[in-house]
Amino acid sequence: MTYWEHVSATAIGALLAFLFGLTLFWIKEKCSNTDQRKKAVKNLLYEFEYNLNLFEEYKKKLTECIEAVSADKRKIYLNLDYDFVGTHFARRFYNEGYLSDFLHQEDMKRWNIFLSKLSPGSETYVEEEVGKWREKNGDKESVYNTLKNERDHIQFAIDMIEYLKTRIKL
């Protein structure tokens with residue numbers, strides 16, 4: 001075998017080895033990304049179920065308060081702990097760019113509304129209105145409308161989660 005035959009055989013062998021290594025790397029990355037995406041979806045769906053339970057509890061509390069205000073009862077207490085609402089996996093799912101794989105732009109707009117509706121500021125305002133009512137410093141219509149509006153926000157969150165569960169699947 002001549003010198004150039006050795007050189008070309010070595011170059012072809014090196015090129016094939018490089019391409020094989022590149023292919024293996026690509027396959028490994030593809031599998032890794034698929035696993036990460038599956039974990040992200042699984043965590044998000046778990047967070048949805050957790051939040052649904054919380055929202056149903058909050059909705060029940062708000063309904064009881066609305067009924068009490070309607071009956072002119074003043075001994076009502078309301079504690080909405082929106083800090084317990086899980087958004088970690090939802091925000092991660094959004095930030096990692098998986099959302100666009102499942103939702104169109106209008107859904108993404110509704111997603112952002114969903115994540116921002118139930119805020120600590122909203123929670124504080126509702127609880128202050130209930131406190132005013134309890135201490136006879138607030139009017140019935142104002143506290144009633146505040147409670148009803150907050151319950152509507154909770155229902156929006158419930159409906160949004162149910163919708164998202166139909167769109168985001170493993």
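In this numbering scheme, every chain counts its residues from 1 along its sequence in written order. The predicted nature of this model means local features are confined to residues of pLDDT at least 70 and side-chain atom pairs, given and counted, to a pLDDT of 80 or more, with totals for whole chains, interfaces and linings taken over all residues. Excluding hydrogens and water, the side-chain values take into account all heavy atoms of the structure.

### Comments concerning the pattern of salt bridges
- The salt bridge definition used is simple: a Lys or Arg side-chain nitrogen within 4 Å of an Asp or Glu carboxyl oxygen. Within the structure shown, the criterion is met by 10 salt bridges.
- A salt bridge links K165 to E49, with the nearest nitrogen and oxygen atoms 2.5 Å apart. Pair noted here: K165 is in helix α6 (residues 140–167) and E49 is in helix α1 (residues 3–70), with a separation of 116 residues, a long-range link.
- For every residue, the accessible area obtained with a 1.4 Å probe (protein chains only) is divided by the maximum for its type, and the residue is called buried under 20%, exposed over 50%, and partly exposed between those limits. Take K165: its relative accessible area is 24%, and that puts it in the partly exposed class. By definition, any uninterrupted DSSP run of H or I lasting at least four residues is a helix, any uninterrupted run of E lasting at least two residues is a strand, and each is numbered from the N terminus.

### Remarks on the packing of helix α2 (residues 88–95) against helix α4 (residues 105–117)
- What counts as an axis is a line fitted to C-alpha atoms, over the stretch in contact for a helix, and the angles between N-to-C directions run from 0 to 180 degrees. One can describe the packing of α2 onto α4 by two numbers: an axis separation of 12 Å at closest approach and a directional angle of 150°. As judged from the angle between their axes, α2 and α4 are roughly antiparallel. Handedness of the α2/α4 crossing: left-handed. Contacts between α2 and α4 involve A90, R91 and Y94 from the first element and M108, W111, N112 and L115 from the second.
- Grouping the amino acids of the contact of α2 with α4 by side-chain chemistry returns 5 nonpolar, 1 polar and 1 charged. Note that the term roughly parallel is reserved for angles under 35 degrees, roughly antiparallel for angles over 145, roughly perpendicular for angles of 65 to 115, and oblique for everything else. Each crossing is labelled by how the near helix is turned from the far one, with a counterclockwise turn of less than a right angle marking it left-handed and a clockwise turn marking it right-handed. Whether two residues touch is decided by their heavy atoms; if any such pair falls within 4.5 Å, the residues are in contact. Under the scheme applied, nonpolar residues are Ala, Val, Leu, Ile, Met, Phe, Trp, Tyr, Cys and Pro; charged residues are Asp, Glu, Lys and Arg; polar residues are all the others, including Gly.

### Some remarks on α4
- Expected span of a helix: the number of residues minus one, times 1.5 Å. Helix length check: α4, at 13 residues, gives a terminal C-alpha distance of 18 Å against a target of 18 Å (1.5 Å per residue), a fit within 8%.
- Within the span of α4, buried status applies to D107, W111, F114 and L115. Summarising the axial view, the buried residues of α4 lie within an arc of 90°, below the 170-degree limit, and thus occupy one face. In α4, the exposed positions angled more than 90 degrees off the buried face are occupied by Q105 and K109. In this description, the arc belongs to the directions extending from the helix axis to the C-beta atoms.

### Notes on helix α5 (residues 120–134)
- Compared with an ideal rise of 1.5 Å per residue, which puts 15 residues at 21 Å, α5 spans 21 Å between its outermost C-alpha atoms and is within 8% of the ideal.
- Residues S122, E123, V126, E129, V130, G131 and W133 constitute the buried set of α5.
- Backbone geometry just downstream of α5 places K136 in the positive-phi region, at approximately 65°.

### Brief notes about the side chain of T146
- Examined against the element boundaries, T146 turns out to sit in helix α6.
- Judged by relative accessible area, which is 9%, T146 ranks as buried.
- Contact partners of T146, with chain neighbours within four places excluded, come to Y125, V126 and E129.

### A word on a nonpolar patch on the surface
- Two distance rules govern patches: like charges are joined within 9 Å, and nonpolar side chains (Val, Leu, Ile, Met, Phe, Trp, Tyr) within 5 Å, applied only to residues with over 30% relative accessible area and no salt bridge. The Shrake-Rupley method, run with a 1.4 Å probe, gives the accessible areas here. Residue values count only the displayed protein chains as cover. On the surface, I12, L15, L16, F18, L19, L22 and F25 cluster together into a nonpolar patch covering about 720 Å² of accessible area.
- Looking at where F18 falls in the secondary structure, it is placed in helix α1.
- F18 gets classed as exposed once you look at its relative accessible area, which sits at 53%.

### With respect to the confidence of the model for the protein chain
- Per-residue confidence for the protein chain gives a mean pLDDT of 86; residues scoring 70 or more make up 98%.
- For the protein chain, the element scoring lowest by mean pLDDT is α4, at 81; α6 scores highest, at 92. Confidence scores per residue from the predictor, reported as pLDDT, run from 0 to 100.

### Considerations on the packing of α5 against α6
- Packing of α5 against α6 brings their axes to within 9 Å, and their N-to-C directions diverge by 150°. Of the possible angle classes, the one that applies to α5 and α6 is roughly antiparallel. Crossing of α5 against α6: the hand is left-handed. Listed contacts from α6 to S122, Y125, V126, E129, V130 and W133 of α5 are K140, S142, V143, T146, L147 and E150.
- Taken together, the residues of the contact of α5 with α6 break down into 6 nonpolar, 3 polar and 3 charged.

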